[in-house]
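One-letter residues, chain by chain:
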Amino acid sequence: MCLFEYIIIMRIVRIILAVIIVFSCVFTAFIGKNKIAEGVELEEIPQYKGIITFWQIDTFEGGVSSRRQFLLKAASMYEKNNDGVLIMVTNHTLEGAENSLKNGKYPDIISFGAGLEFSGASTILTDKKFAGGMIGDKTYFVPWCRGGYTLISNPSLTEEVKPSKIDKLLVSSATYTQPLIALSLENIIASDIEVKPPMDAYIKFVAGKTPYFLATQRDIHRLNNRGMEYNAVPLNNFCDLYQYASVITTDQVKNYYANDFINFLLSERVQKKLSDIGMFSCFDQVEYTDETLFNMQKLNGFLTISAFTQKNKLLELQELSMLSAKGDLGALNKIKNILI
């Protein structure tokens, strides 16, 4: 082979190599990256730096301190492990939240109790299942804390702590809660029933002239702080005092972090701290030294009302529960047919 032929061959080889290199670069830039992306698992954590909005709506009394403060502390813990993600928790009244939702103003997560009506909830990806927030096998609402009902008696007026019949009963009830269903399912009948808003009911009971008081965990905390003598029996068949969380953002990345934060709220680490606000967990054992609160936390497997129940139906249930608490078996059977 002469020198000239060798030079020609080497030039051809160089051209071929150059074409291969250029082709490789073009393939990687315009085609190869898409092939690589096809192999990325759907569960890969999306990158996000921004605010997740969280509305807290109180529709029933809590325990001690505020549920918003608890959520703020949980958010602070979460943010430390999720750089750039901020959870903004704001309080809203039931009426204010509904007006905002009707006007198209939506948070990413909403925390609520019985009585709030809204649409657009997406499924929550969690292994914590709760019948009150499910349709079929899909979870749309999940309770991150709960309260409970208890029958309180004044020992200076009566010795019997859980009678089958009560002559005069004072009841604490929020706008849409169902304390008298809890009483009826204990097979307790009351003749004279007076229903008052929570604080008004508490004030009347501590006046010392009412033998029996159908109350909640909030009243146990109040009576303990006051130092008043009382007896209390937790009601173990029904509860509707659930603080649900729901995801309603339509943004896929925000949806991921909203789900992630809710699962963080439901983690044992956070649930154990519910004693800080005097509330109970549906999924873990919250420790209390007070006997009544300890016994209220131990209870589970309550019958309840679907969180999807509309306000007018809740008001109808209150009317039925008044009848059933006075011994109307027909009303009681109608209620039982609604419970889950």
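Residues numbered from 1 in each chain as written. Predicted model: local features only at pLDDT ≥ 70, side-chain atom pairs only at ≥ 80, totals over all residues. Heavy atoms only, no water.

Colleague: Can you tell me about helix 11 (residues 329-338), naming the residues and giving the values?
Modeller: Turning to helix 11, its buried residues number three or more, namely Ala331, Leu332 and Ile335. The arc enclosing the buried residues of helix 11, seen along the axis, measures out at 100 degrees, which places them on a common side. The exposed residues of helix 11 that point more than 90 degrees off its buried face are Leu329, Lys334 and Asn337. Packed against the buried residues of helix 11 are helix 4 (179-184) and helix 10 (311-325). The distance from a side-chain oxygen at the start of helix 11 to the backbone nitrogen of Gly330 is 3.0 Å, and the residue carrying that oxygen is Asp328. (Buried < 20%, exposed > 50% of the residue type's maximum accessible area, 1.4 Å probe, protein only. Helix = DSSP H or I, 4+ residues; strand = E, 2+ residues; numbered from the N terminus. Arc of directions from axis to C-beta. Contact = heavy atoms within 4.5 Å. Polar contact = N/O pair within 3.5 Å; in protein donor to acceptor, adjacent residues only side chain to side chain.)

Colleague: Provide a residue-level description of a positive patch on the surface, including the pertinent values.
Modeller: Among the surface-exposed residues, Lys73, Lys80, Arg269 and Lys273 lie close enough to one another that they form a single positively charged patch. Within the element layout of this structure, Arg269 appears in helix 8 (residues 268-271). On the accessibility criterion, Arg269 (49% relative accessible area) is partly exposed. (Patch = residues over 30% accessible without salt bridge, like charges linked within 9 Å, V, L, I, M, F, W, Y side chains within 5 Å. Areas by Shrake-Rupley, 256 points an atom, 1.4 Å probe, with all protein chains shown as cover. Salt bridge = Lys/Arg side-chain N within 4 Å of Asp/Glu carboxyl O. Lys, Arg positive; Asp, Glu negative; His and termini not counted. Charge placed at Lys NZ, Arg CZ, Asp CG, Glu CD.)

Colleague: An account of unusual backbone geometry is needed here, citing residue identities and associated values.
Modeller: Located in the positive-phi region is Ser65, a residue other than glycine, with phi close to 60 degrees. Given a relative accessible area of 62%, Ser65 falls into the exposed group. Positive phi values are uncommon outside glycine, yet Asn187 reaches one of about 60 degrees. Note on placement: Asn187 falls in the loop between helix 4 and strand 9 (189-196).

Colleague: Describe a nonpolar patch on the surface, naming the residues involved and giving the relevant values.
Modeller: Together, Ile51, Leu86 and Met88 make up an exposed nonpolar region whose accessible area comes to about 250 Å². Structurally, Met88 can be placed in strand 2 (residues 85-92).

Colleague: Lay out the pairing of strand 8 (residues 165-172) in plain terms, naming residues and giving numbers.
Modeller: Sheet topology note: the strand 8/strand 9 ladder contains seven bridges and is parallel. Its bridge partner being in strand 9, Leu170 is matched across the sheet by Glu194. Note that the unit made of strand 8, helix 4 and strand 9 has a crossover that is right-handed. Inspection of the sheet shows strand 8 paired to strand 10 (residues 212-216) by three bridges, in the parallel sense. Among the inter-strand pairings, Leu170 is bridged to a residue of strand 10, identified as Phe213. (Pairing = 2+ DSSP bridges. Right-handed = clockwise from strand over helix to strand, strands pointing away.)

Colleague: Provide a residue-level description of helix 3 (residues 94-102), including the pertinent values.
Modeller: When we look at burial in helix 3, the residues that qualify are Leu94, Ala97, Glu98, Ser100 and Leu101. Taken down its axis, helix 3 places every buried residue within 160 degrees of arc, on the same side. Exposed side chains of helix 3 directed beyond 90 degrees from the buried face belong to Glu95 and Lys102. Of the surrounding elements, those touching the buried residues of helix 3 are strand 1 (50-57), strand 2, strand 3 (109-112) and helix 10.

Colleague: Could you give an account of the packing of aromatic side chains, with specific residues and numbers?
Modeller: This structure, assessed with the given rule, holds 19 aromatic pairs. Aromatic pair Tyr242 and Tyr244: ring centres 6.0 Å apart, planes at 50 degrees, arrangement tilted. Tyr244 sits in the buried class, given a relative accessible area of 4%. Grouped by ring-pair contacts, the aromatic residues Phe112, Phe118, Phe130, Tyr140, Phe141, Tyr242, Tyr244 and Phe308 constitute a single cluster. It is Arg67 that lies over the ring of Phe60; its NZ or CZ is 4.8 Å from the centre. Positioned above the aromatic ring of Tyr202, the side-chain terminus of Arg222 is 5.4 Å from the ring centre. (Phe/Tyr/Trp six-rings, centres within 6.5 Å; stacked < 30°, edge-to-face > 60°. Lys NZ or Arg CZ within 6 Å of the ring centre and 35° of its normal.)

Colleague: Can you lay out the side chain of Thr216 for me, pointing to particular residues and giving the numbers?
Modeller: For Thr216, the location among the structural elements is in strand 10. You can call Thr216 buried: its relative accessible area is 9%.

Colleague: Help me get a handle on the state of the cysteines, residues and values and all.
Modeller: Note on terminology: disulfide describes a covalent bond linking the sulfur atoms of two cysteines. Taken as a whole and judged by the stated rule, the model has zero disulfides. No disulfide involves Cys145; its nearest neighbouring cysteine sulfur is the one of Cys282, lying 8.1 Å away. Take Cys282: it sits in no disulfide, and the sulfur closest to it among the cysteines is that of Cys239, at 7.5 Å. (Disulfide = S-S within 2.5 Å.)

Colleague: An account of the packing of helix 10 against helix 11 is requested, with residue identities and associated values reported.
Modeller: Interaxial distance between helix 10 and helix 11 falls to 8 Å at its minimum, and their mutual angle equals 135 degrees. Between helix 10 and helix 11, the angle falls in the class oblique. When the axes of helix 10 and helix 11 are compared, the crossing they make is left-handed. Here Leu317, Leu320, Ser321, Leu323 and Ser324 of helix 10 come into contact with helix 11, specifically with Ala331, Leu332, Lys334, Ile335 and Ile338. (Axes fitted to C-alpha atoms, helices over the stretch in contact; angles between N-to-C directions. Parallel < 35°, antiparallel > 145°, perpendicular 65-115°, else oblique. Left-handed = near helix turned anticlockwise from the far one by under 90°.)

None of the figures reported here should be taken as evidence of function without further support.
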